[in-house]
Amino acid sequence: MKECEAISIELPGYVRGKLDPKAVAPVRAHLQACAACRDELVQIQRLDKLLKDALPTITPSPGFASMFANRLAAEAAAEEEATSGGWAGRLLQPWVVGLAATAMLAIIMLGALNFSRRSSDTPIPRIPNLTGGVAKKPVADSPKIASNPAEKNKLTASNPPSDVLQRPELFVDYSVIRDLDILESGNGDAGSHAG
Amino acid sequence: MQRVRDGDTVAFRELFAKHSEAVVNFAYRFVNSRPRAEELAQDAFLQIYRARGRYQAKARFTTYLYRVATNLCLNELRRFDYQGKTEPLEGRSLENGEEGTRELADTSLPEVEELLAGIETGARIKKVLDKLPPNQKSALLLSRVEGLSYQEVAECLETTESAVKSLIFRATQTLRDQLADLLR
């Protein structure tokens, strides 16, 4: 019985002559001795015939070949476009890319050189020492920073004291100085400062 | 295929003309739809055309072609469920609102009876085949219908010859059980 199992797996191949020549001889020998396997062989032969004859076959539709020809032509054109590169490809030739990169680098370097020259010619403006007390230690002719809020409001960035106009390095936003003044007095809130 | 690899599109059209109908039929047995089967067959040939530069003449061209076609069909089956979906082979159904008459076939003639019986048998076999696991079905069709050797089927399914034997054996058993009355 075990032999039948081993042979039956070979039978579909035997029917269509798909077995190795070495495997054929034992199958043939078994079939001569086993009636059950011979029956199975006949059934497989019939099934084979059924599959070949009764399975529906179709003929491709009339436009099938021309549709494929179109797809193939499109594919070939796309391939050619990819290999020749098209307008984008022609524009992005390696030598063009290299040239563009070199030009870009040169422009950047020239710009940087020009900038460094200009900045060495211009004197660096001195920033007034705010903590030294622009507000606390006023110069003799510079206006006093008003301690009451009403006066403070008059001294704004749009209305700076006259000496500030003559000394551009002091041209700073007065509202910032006022705020610093408030901070330095130790009272963060405006209400206590006003008093 | 060597000529195709060298860029000969005429040779490729010749290959298409020679094998496309068989591939359409092979795909049709998976998807049960003529337009989809035609698309799949075209896809298989286009894939081969795209990969022509990498083609190595290790196996017969048909084995290579069926390998590509089988992969496409199995992928298609994974994506959609085609079981039990069939469409009429000839003619088309009437659209909504379209008027028409349909003549009934005269079944009194013996040839027509035979023909109808044949169609019925074919539809039944197809139904049983559709219920097989995709790998068993592929192996059986490639071997029994397309005539590929076990080794070629193994190449198509990317498996071993003994696995193919086993797949075909199991598929044959199922068909024998389901179609026992037709085999007597």
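Residues numbered from 1 in each chain as written. Chains lettered and ligands numbered in written order. Predicted model: local features only at pLDDT ≥ 70, side-chain atom pairs only at ≥ 80, totals over all residues.

Undergrad: Break down the overall build of chain A for me, with residues and values.
TA: The number of helices and strands found in chain A is 11 helices and 0 strands. Per-residue burial for chain A yields a buried fraction of 9% across its 195 residues. Restricting the contact set of chain A to residue pairs at least 6 apart, pairs at least 24 apart contribute 46%. (Helix = DSSP H or I, 4+ residues; strand = E, 2+ residues; numbered from the N terminus. Buried ≥ 20, exposed ≤ 12 C-beta atoms within 10 Å, placed from the backbone. Contact = placed C-beta atoms within 7 Å.)

Undergrad: Quick one: what's the story with the nonpolar core, residue by residue and with numbers?
TA: Residue and element names in this part refer to chain B. Counting residues in each nonpolar core, the largest one holds 47 residues, and the members touching the most others are Ala 27, Ala 44, Ala 69, Ala 139 and Val 153. A per-element tally of this core places helix α2 (residues 9–31) first, with 8 residues. Other than its neighbours up to four places away in sequence, Ala 139 contacts Val 153, Leu 157, Val 164, Leu 167, Ile 168 and Ala 171. (Core = buried A, V, L, I, M, F, W, Y, C linked by C-beta atoms within 7 Å.)

Undergrad: Could you give an account of the interface of chain A and chain B, naming the residues involved and the relevant values?
TA: Facing the 26 residues of chain A at the interface are 35 residues of chain B. Class assignment of the residues belonging to the side of chain A that touches chain B gives a composition of 15 nonpolar, 5 polar and 6 charged. (Nonpolar A, V, L, I, M, F, W, Y, C, P; charged D, E, K, R; others polar.)

Undergrad: Give me the lowdown on helix α4 (residues 35–54) of chain A, citing residues and values where you can.
TA: Its 20 residues place the ends of α4 of chain A 28 Å apart at the C-alpha level, agreeing with the 28 Å of an ideal helix rising 1.5 Å per residue. Restricting attention to buried positions, one finds in α4 of chain A the residues Glu 40, Ile 44 and Leu 47 of chain A. End-on, the buried residues of α4 of chain A take up no more than an arc of 60°, which puts them together on one face. Turned more than 90 degrees away from the buried face of α4 of chain A sit Ala 35, Asp 39, Val 42, Lys 49, Lys 52 and Asp 53 of chain A, all of them exposed. In this fold, the buried residues of α4 of chain A make contact with α1 (2–8) and α2 (11–15) of chain A together with α8 (161–178) and α9 (180–183) of chain B. (Expected span 1.5 Å × (residues − 1). Arc of directions from axis to C-beta.)

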